[in-house]
Amino acid sequence: MQNQYDVLIIGAGLSGIGTACRMAMEMPGAKVGLIERREAIGGTWDLFRYPGIRSDSDMFSFGYSFRPWHDLKVLADGPSIRRYVNDTAREYGVDEKVLFGLKTTLASWCSERQLWTVTCLEEASGKTDIFTCTYLISCTGYYDYDAGYLPDFPGEERFKGLRVHPQHWPEDLNYRGKRVVVIGSGATAVTLVPAMAPDAEHVTMLQRSPSYVFSVPGHDRISEVLQRLLPKRVVFALARKRNIVLQRFIYKMSKRWPGLVRSWLLSGVRKQVGKQVDMRHFTPRYQPWDERICAVPDADLFKALKAGKASVVTDQIESFTETGIKLKSGQELPADIIITATGLKLQTCGGMDLVVDGKQKKLNELMTYKGSMLQDVPNMGFVFGYTNAPWTLKVDMTASYLCRLFNHMKQNSIGVVIPRAPAGEMQADETVLGSMQSGYIQRSAAVLPRQGRQLPWRVLHNFESDQVMLLKQSVVDPSLEFRSV
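Residues numbered from 1 in each chain as written. Predicted model: local features only at pLDDT ≥ 70, side-chain atom pairs only at ≥ 80, totals over all residues. Heavy atoms only, no water.

(A) Summary view of the environment of histidine 461. Considering the arrangement of structural elements, one finds histidine 461 in the loop between strand S24 (450-452) and helix H12 (463-471). Histidine 461 gets classed as buried once you look at its relative accessible area, which sits at 8%. (Helix = DSSP H or I, 4+ residues; strand = E, 2+ residues; numbered from the N terminus. Buried < 20%, exposed > 50% of the residue type's maximum accessible area, 1.4 Å probe, protein only.)

(B) Examining the pairing of strand S17 (residues 353-356) more closely. As defined by bridge partners, strand S4 (residues 102-110) adjoins S17 across 4 bridges and the pair is classed as parallel. What sits directly across from tryptophan 109, in S17, is valine 356. Of the pairings in the sheet, the one linking S17 to strand S18 (residues 359-360) comprises 2 bridges and is antiparallel in character. Residue pairing in the sheet places valine 355 in a bridge with glutamine 360 of S18. Counting the residues between successive antiparallel strands, the hairpin from S17 to S18 contains 2 residues, one of them, aspartate 357, with a positive phi of roughly 50 degrees. (Pairing = 2+ DSSP bridges.)

(C) Up close: the environment of leucine 47. Structurally, the position occupied by leucine 47 is in helix H2 (residues 44-47). Accessibility expressed as a relative area gives 10% for leucine 47, which makes it buried. Here the alpha-carbon distance between leucine 47 and glycine 78, two residues 31 residues apart in the chain, equals 9.7 Å.

(D) Local environment of helix H10 (residues 391-411). In this model, H10 (21 residues) spans 31 Å end to end at C-alpha, consistent with the 30 Å of a helix rising 1.5 Å per residue. Where burial is concerned, most of H10 is hidden: 17 out of the 21 residues are buried. Serine 413 occupies a position one or two residues after H10 and carries a positive phi of about 55 degrees. (Expected span 1.5 Å × (residues − 1).)

(E) Local environment of the nonpolar core. Counting 142 residues, the largest nonpolar core has Ile17, Trp116, Val118, Leu136 and Phe282 as its most contacted members. If sequence neighbours within four positions are ignored, leucine 136 has contacts with Leu8, Ile10, Ala107, Trp116, Val118, Met352, Asn379, Met380 and Gly381. By size, the runner-up hydrophobic cluster in this structure holds 13 residues, among which are Phe159, Phe320, Ala335 and Ile338. (Core = buried A, V, L, I, M, F, W, Y, C linked by side-chain atoms within 4.5 Å. Contact = heavy atoms within 4.5 Å.)

(F) Geometry of the sheet that holds strand S7 (residues 162-164). Ordered in space as S7-S16-S8-S9-S12, the 5 strands form an open sheet in which the pairing is parallel. Two strands lie at the open edges of the sheet, namely S7 and strand S12 (310-314), each paired on one side alone. The sheet shows a mean angle of 20 degrees between the axes of neighbouring strands, direction not considered. Bridging between strand S9 (residues 202-207) and S12 involves 5 bridges; their strand directions are parallel. Of the residues in S12, the one forming a bridge with methionine 205 is valine 312. Each of strand S8 (179-183), S9, S12 and strand S16 (337-340) is contacted by helix H5 (residues 187-196), which is oriented at about 165 degrees to S9, the strand it contacts most. (Axes fitted to C-alpha atoms, helices over the stretch in contact; angles between N-to-C directions.)

Honestly, it's all geometry; don't read function into it.
Take a look at the structure:
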């Protein structure tokens, strides 16, 4: 009996904890368990420990709606976010529901029993554990925790120094007085460079092509002033609403008037770096929000460049050498340490096998229903956040929707719900991550669910539309097949 649950959540990171807390509020009678492969709560924020790690969304909107972020730091550091997730889990009693050290290998649905059977491996002992549940929810994010994406570099075996991937940062790495090359131009690279620059001899960010980099205030002075006049809960509710509106405005402007937003973003960089840095290193070939925009607090990256402690090189790698990297331009970059901030390796549902009545389901052959469940998969939630806005905005709405759906089923003696799509609905050449051109997304076709032609099978990444679809529309829908207990 102890391994039988009403709801079993896979993953105890930001998404899993948020979903479990939402269920504690809206489904208080349900027996909920969380299966976590690691030995700690936090997911991404427990795994990544590289210098300077921080959120790339402001914390007022990235934090949970039901437990606001009460700090004036806009882009929070990793340890602060980890504490926030743990404190939230503890406040809602979710921390006591987590089963640690379990890798989910198989989830199998039986229609006759109306039950999921979940097989897990205790990685420390090699023992297999079996759980059953009525509802299964995947909150595993979209990348592989075992390894990041690492391209093959010519001559990499010749390099005599140390090579590190940020996903597995050595605790004892000493880079004081060392020459460091960071390969990459995304959020991880622009975080690492200013964090390491004060102690390293020099840090070079080597990029194949530039990204948009946008400076945001590190400290929310508006909220600081308002705290003297208004209750804290009101101040941070206002900050959350303000920042969501601002983010959505910039995104919509980027799509409607990309040239205008591009000019605005580049002019902001030009003011920060002055004439000391060549603007070609910060002038992307693509339009704003074709890939994510990198946010840096208080222009820390630009300050490191102006101080001469860091530099940017835009070029391609010809080969690694014994002492660094030789570029196709002929330039050589000396390095004691090379950091490959080359991105993520994508994975869905934590890599587990998904089987329905003996038939394996491949996610790249399925669509999602309202971005919250999987086509033809019974009683399963699929929690997946935004790529063009703070991840948790979508996570929280999905969790609320699933609570509404499951409560409706209980009240009406419904045992099974299955999303059913009409024939010809799927667009096999487009994934749920939409039109974003980021490298990790382009590499993801083999593992991600597909897009449909229209709602509810199409994922719009649109906060306003999702609010209506997930929070206001009835859970009774012709696209859902219900079966009684």
